Amino acid sequence: MHQSPQTNTGERLLRLPDVEARTGLKKSAIYAGVKGKTFPEPCKLGPRAVAWPASAIDAWIAGKIAGPHGAR
């Protein structure tokens, strides 16, 4: 059996319901943030499917917690 090299970095892709649950935002607010460049852009998975890297969502949440002036 042929095995491919291990390239799993531990990164997860989150679909919209998971992003909504983690951020507390609804679909319209998420896409408004993407359009306004205040929320991470999703990765295109197919013609009608997108997902967000969990690390990008975690970084966005950390930025919100830190506030506009950074960690205190």
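Cut-off values and rules
- Residues numbered from 1 in each chain as written.
- Predicted model: local features only at pLDDT ≥ 70, side-chain atom pairs only at ≥ 80, totals over all residues.
- Heavy atoms only, no water.
- Helix = DSSP H or I, 4+ residues; strand = E, 2+ residues; numbered from the N terminus.
- Buried < 20%, exposed > 50% of the residue type's maximum accessible area, 1.4 Å probe, protein only.
- Contact = heavy atoms within 4.5 Å.
- Areas by Shrake-Rupley, 256 points an atom, 1.4 Å probe, with all protein chains shown as cover.
- Core = buried A, V, L, I, M, F, W, Y, C linked by side-chain atoms within 4.5 Å.

Q: What is the right way to read the overall build of the chain from this model?
A: If you tally the helices and strands in the chain, you get three helices and three strands. Secondary structure elements of the chain, listed N to C terminal, follow the sequence β-α-α-β-β-α. For the chain, with 72 residues in total, the buried portion stands at 22%. Of the contacts formed within the chain by residues at least 6 apart in sequence, a portion of 41% connects residues at least 24 apart. By element, 56% of the accessible surface of the chain is carried by carbon and sulfur atoms, the whole surface being about 5,700 Å².

Q: What should I look at first to understand the nonpolar core in this one?
A: General note: in soluble globular proteins, nonpolar side chains tend to be found buried as a group. One finds L14, L16, V19, I30, V34, F39, W52, A54, I57 and W60 forming the largest nonpolar core, which totals 10 residues. Those elements that place two or more of their residues in this core are α1 (16-23), α2 (27-35) and α3 (54-66). With three residues, the single largest contributor to this core is α3. The contact partners of A54, leaving out residues within four places of it in the chain, are E11, R12, L14 and R22.

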